[in-house]
There are 2 protein chains.
Amino acid sequence: MPIGESELIERYFRGCGAERADVVLGIGDDAALMRVPGGCELVAATDTLVAGVHFPPDSPAESVGHRALAVNLSDLAAMGARPAWALLALTLPQVDETWLEGFATGLGELARTHAVALIGGDTTRGPLCISVQLLGFVPAGAALTRSGARAGDVLFVSGTCGDAAAGLALEQRRLQAPPEARSWLRERFLFPTPRVALGEELRRFASACIDVSDGLLGDAGKLASASHVGAELAWNELPVSDPLTALLGERRARELALTGGDDYELCFAVPPANIARLLMQLPPQEWRYTRIGALRAAPGAVVVRDGTVMEFSHSGYQHFS
Amino acid sequence: MPIGESELIERYFRGCGAERADVVLGIGDDAALMRVPGGCELVAATDTLVAGVHFPPDSPAESVGHRALAVNLSDLAAMGARPAWALLALTLPQVDETWLEGFATGLGELARTHAVALIGGDTTRGPLCISVQLLGFVPAGAALTRSGARAGDVLFVSGTCGDAAAGLALEQRRLQAPPEARSWLRERFLFPTPRVALGEELRRFASACIDVSDGLLGDAGKLASASHVGAELAWNELPVSDPLTALLGERRARELALTGGDDYELCFAVPPANIARLLMQLPPQEWRYTRIGALRAAPGAVVVRDGTVMEFSHSGYQHFS
């Protein structure tokens, strides 16, 4: 017999996330009640994953649960915010208990890692679609935005880019790879690591920040545009992973780093005056970020190689089709 | 040429809701920033509407926009909370600008009525599905919940029940009606009125509150169960509208009031000591609510007619099929 909504919520989602003392009333009433710490602003984001659009319909349930929260954690990380509470709007074609258990495991593990409580939500019948709303907070006036950068600020990105786009192509069999590279790259797509701790630290150094979800070149361009400046990225400095380079060669790996999606890394600008302090207090080897270029007065986002501007299409999704 | 996500958001959703001074940063960055008033708890709810499940696929776009927010406003009303900020996760099969304009109009008008700012969201491609997340606040410790009632508390409901279920049946041509009744009942389904002001006032009087979305009998039962008591409703006191009674006759109208869905009225319990003050300070004729029964020690929710307990199935959706 199919289980009802309230039983489903009881079984899979109560206690799925972290326990937090600032949750006055969690799952089970018409709405949830929380205490926001004094001196803080509330931060809110929502992102939706649709089966067949944002992930292959046969993705592991753990990955779907992980990614549904991760994409929102990445948004809050880009604001320098501390995540706290999540709501889940889950639309399911049918109640598949094995799938639900995997989904709740993937979501719950990442939630507990970041001390996020699942405070409420809604489960409905329909095509598989997951919206997570994530709430958190940031000291008043201290949030990072996309719009605070100036020409001359140095541009960085965390981690490596392009891995997730290759991982998705592997998942969809548009690309082949040896088992080890395949496993690592798929993991980068299926279980991205939102850079929450880095985002919070960057409040002390960065002038602007954005999360890289639609391709580094386009997202760096959005940061630049919101700041009314342009961005110049150095081809040779783009951080690409060894497995990606081994698989695609350096040129295609860097192209994918620029135009692939689903990285969930942070791209951030730092004023020259803060650079020395940044490098000392957040050592790049430990915090894993790379200088990739700078912001400049001329609008647009360009990539420069050996002094020459390169031409790019932004069609990241068509690389392997 | 189809418009892109950011243009779509610019055109239809920026400035769609109310402007609020407590929104530090609205639509357009990775997340939104808001100031929560001191001494308040944050209140959060989310509800999803799926085409073909929660509304007929050919529903007017204005109605879909209105209802997507109304169902969440009703959740906050049930907590006695003041709504403030909404996020919209909108999944669309294609960009239909006429539909989007209607949707934004319906959502925006209701948002402005309740001073709700649209602070962010996400638009994605996929089967038509709308999740709204609504945030608001309530003085710390003052929220209404489902669980505060005691045996002996008097049970009330706002407005009239069953109209929306009949309106949906008319919309789906499972039921026929003369033009005037048809028009009024359809309106009750398509454009429900969340009882936000009443919910805030009830904080001074009520011991528990729930919004009636799944049928009065079931929802009164949920309130009672959360409060560890039972509910006894008086058949003769159930508030039914004249158009509904004229269309279905008194017996079927009252049945539908008990088991139909989508009313978005408030069902609330008031301790005997507060009744006189309630009736004086919130005159029922003006605030439109009706005494429908009482809470009692014995668990369950029953309807009593002339001293006899009546039998009911809870299958509100099958009335006209």
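Predicted, not measured: the structure shown is a model, and the values here were computed from it.

Analysis parameters
Residues numbered from 1 in each chain as written. Chains lettered and ligands numbered in written order. Predicted model: local features only at pLDDT ≥ 70, side-chain atom pairs only at ≥ 80, totals over all residues. Heavy atoms only, no water. Helix = DSSP H or I, 4+ residues; strand = E, 2+ residues; numbered from the N terminus. Rg over C-alpha atoms; globule rule 2.2 N^0.38 Å. Buried < 20%, exposed > 50% of the residue type's maximum accessible area, 1.4 Å probe, protein only. Contact = heavy atoms within 4.5 Å. Areas by Shrake-Rupley, 256 points an atom, 1.4 Å probe, with all protein chains shown as cover. Lys, Arg positive; Asp, Glu negative; His and termini not counted. Charge placed at Lys NZ, Arg CZ, Asp CG, Glu CD. Pairing = 2+ DSSP bridges. Axes fitted to C-alpha atoms, helices over the stretch in contact; angles between N-to-C directions. Buried area = accessible area lost by both parts, 1.4 Å probe. Salt bridge = Lys/Arg side-chain N within 4 Å of Asp/Glu carboxyl O. Polar contact = N/O pair within 3.5 Å; in protein donor to acceptor, adjacent residues only side chain to side chain. Domains from an automatic or database assignment. Phe/Tyr/Trp six-rings, centres within 6.5 Å; stacked < 30°, edge-to-face > 60°.

Side note on the overall build of chain A
Item 1. For chain A, the count of helices and strands is ten helices and 13 strands.
Item 2. Whereas a compact globule of 321 residues would reach a radius of gyration of roughly 20 Å, chain A reaches 20 Å, a difference of no more than 12%.
Item 3. A burial count over chain A gives 59% of its 321 residues as buried.
Item 4. When contacts within chain A are restricted to residue pairs at least 6 apart in sequence, long-range pairs at least 24 apart make up 84% of them.
Item 5. With an accessible surface of roughly 12,600 Å², chain A has 50% of that area assigned to carbon and sulfur atoms.
Item 6. If you average the places of the 27 positive and of the 38 negative side-chain charges in chain A, the two averages end up 5 Å apart.

Details of the sheet that holds strand β12 (residues 300-305) of chain B
Residues and elements named next belong to chain B.
Item 1. One open sheet accounts for seven strands, arranged β8-β10-β7-β11-β9-β12-β13; its pairing is mixed. Pairing within the sheet leaves two strands with one partner each, and these edge strands are β8 (208-212) and β13 (308-310). Averaged over all adjacent pairs, the angle separating strand axes in this sheet is 30°, with direction ignored.
Item 2. In this sheet, strand β10 (residues 265-270) lies alongside β8 in antiparallel orientation, the contact comprising five bridges.

Concerning the interface of chain B and chain A
Item 1. With 50 residues of chain B at the interface, the matching set in chain A holds 50 residues.
Item 2. With both sides pooled, the region where chain B packs onto chain A buries about 3,600 Å², and carbon together with sulfur makes up 61% of that total.
Item 3. Of all residues in chain B, B:D30, B:L33 and B:L42 give up the largest surface area on contact with chain A, accounting jointly for 18% of the area buried on that side.
Item 4. A:R146 is paired through a salt bridge with B:D30; the nearest N and O atoms lie 3.2 Å apart.
Item 5. Summed over the shared surface of chain B and chain A, the number is twelve residue pairs in polar contact (both at pLDDT 80 or more).

With respect to the domain arrangement of chain A
All names here are of chain A.
Item 1. Partitioning chain A into structural domains gives domain 1 (5-139) and domain 2 (154-310).
Item 2. Relative to domain 2, the C-alpha centre of domain 1 lies at a distance of 26 Å.
Item 3. In this complex, domain 1 contributes 24 residues to the contact, which on the side of domain 2 involves 19 residues.
Item 4. Counting each side, the surface lost to burial between domain 1 and domain 2 is near 1,700 Å², with a carbon and sulfur contribution of 63%.
Item 5. For the domain 1 face of the interface with domain 2, the top three residues by lost area are R67, S74 and A78, together amounting to 26%.

Notes on the packing of aromatic side chains
Residues and elements named next belong to chain A.
Item 1. Enumeration over the complete set of coordinates arrives at twelve aromatic pairs over all chains.
Item 2. For the ring pair F13 and F103, a centre distance of 6.2 Å and an interplane angle of 80° mean the geometry is edge-to-face. Of this pair, F13 sits in helix α1 (residues 5-13) while F103 sits in helix α3 (residues 97-113), and the two are 90 residues apart along the sequence. Across the pair, F103 and F13 agree in class, each one buried.
Item 3. Relative to Y289, the ring of F268 has its centre 5.7 Å away and its plane inclined at 65°; by these criteria the two rings are edge-to-face. In this pair, F268 is assigned in strand β10 (residues 265-270) and Y289 in strand β11 (residues 289-296), connecting sequence segments 21 residues apart.
Item 4. The exposure class of F268 is buried, given its relative accessible area of 0%.
Item 5. On the basis of relative accessibility, which here comes to 5%, the residue Y289 falls in the buried class.
Item 6. Put simply, the rings of F13, W99 and F103 pair up and form one aromatic cluster.

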